[in-house]
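# Inside the fold
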Amino acid sequence: MKNYISNLNKAFENRLRLGIMSILITSDWVEFNVLKELLEATDGNLASHITALEKIGYLEVRKAFIGKKPNTSFRITKEGKKAFKDHIDGLEQLIKKSI
């Protein structure tokens, strides 16, 4: 019997990381404040999860200025898309197996 739980990616076990990736996979660049609002997260909590996903190469960070205000945006990388798709496929297999 196949162990479907082994198909799940530990990087996405946290609800914020799962939310970040869900938003980024359907968007191009998303600003920090938009992610914060959509996920109802604090600055520090969101930043720590973004940093973790960036370190493993699943998202890219773009820092710029709009006028004199700093602006930070994020997008998912090709590696991140593949990892997230594989994770979602693993969840689907696990659900199908348990029905």
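Preceding this section is the structure that the text describes.
Given the structure is predicted, the values throughout are model-derived calculations rather than measurements.

## Remarks on the sheet that holds strand 1 (residues 30-31)
With respect to topology, three strands assemble into an open sheet ordered 1-3-2, the strand pairing being antiparallel. Taken across any chain shown, the strands that pair with only one partner, and hence form the sheet edges, are strand 1 and strand 2 (59-66).

## Structural notes on the environment of A47
With respect to the helices, strands and loops of the structure, A47 is situated in helix 3 (residues 43-55). Between the C-alpha atom of A47 and that of F32, which follows or precedes it by 15 residues, the distance is 8.6 Å.

## Quick word on the packing of aromatic side chains
Counted according to the given criterion, the structure contains three aromatic pairs. With centroids separated by 5.3 Å and ring planes inclined at 90°, the aromatic side chains of F12 and F84 adopt a geometry described as edge-to-face. Of this pair, F12 sits in the segment before helix 1 (15-24) while F84 is found in helix 4 (residues 78-98), placing the two residues 72 residues apart along the sequence. An identical accessibility class is assigned to F12 and F84; each is buried. Through a chain of ring-to-ring contacts, three or more aromatic side chains come together here, namely F12, Y58 and F84. Looking at R62, its charged tip hangs above the ring of W29, at a distance of 4.2 Å from the centre.

## Looking at the pattern of salt bridges
Enumeration over the complete set of coordinates arrives at five salt bridges. Residues D43 and K36 are paired through a salt bridge, measuring 2.7 Å at the closest nitrogen-oxygen approach. Residues K85 and D89 are paired through a salt bridge, measuring 2.9 Å at the closest nitrogen-oxygen approach. Remark: D89 and K85 occur in helix 4; sequence separation between them is four residues, near one turn of the helix.

## Observations regarding helix 1
Those residues of helix 1 not exposed but buried are L16, G19, I20, M21, I23 and L24. Along its buried surface, helix 1 packs onto strand 1, helix 2 (32-39), helix 3, strand 2, strand 3 (69-76) and helix 4. At the N-terminal boundary of helix 1, the capping side chain belongs to N14, with an oxygen 2.7 Å from the backbone nitrogen of L16.

## A closer look at the pairing of strand 2
Bridge analysis of strand 2 against strand 3 gives eight bridges, and the strand direction is antiparallel. Counted as the bridge partner of F65 is P70 from strand 3. A loop of two residues connects strand 2 with strand 3, the two strands running antiparallel in sequence, and G67 in this loop sits at a positive phi of about 65°.

## Comments concerning the packing of helix 1 against helix 4
Interhelical geometry of helix 1 versus helix 4 gives an angle of 115° and a closest axis separation of 11 Å. Along this stretch, helix 1 crosses helix 4, giving a crossing that reads as left-handed. Each of L18, M21 and S22 in helix 1 lies in contact with helix 4, whose residues at this interface are G80, F84 and H87.

The rules behind the values
- Residues numbered from 1 in each chain as written.
- Predicted model: local features only at pLDDT ≥ 70, side-chain atom pairs only at ≥ 80, totals over all residues.
- Heavy atoms only, no water.
- Pairing = 2+ DSSP bridges.
- Helix = DSSP H or I, 4+ residues; strand = E, 2+ residues; numbered from the N terminus.
- Phe/Tyr/Trp six-rings, centres within 6.5 Å; stacked < 30°, edge-to-face > 60°.
- Buried < 20%, exposed > 50% of the residue type's maximum accessible area, 1.4 Å probe, protein only.
- Lys NZ or Arg CZ within 6 Å of the ring centre and 35° of its normal.
- Salt bridge = Lys/Arg side-chain N within 4 Å of Asp/Glu carboxyl O.
- Contact = heavy atoms within 4.5 Å.
- Polar contact = N/O pair within 3.5 Å; in protein donor to acceptor, adjacent residues only side chain to side chain.
- Axes fitted to C-alpha atoms, helices over the stretch in contact; angles between N-to-C directions.
- Left-handed = near helix turned anticlockwise from the far one by under 90°.

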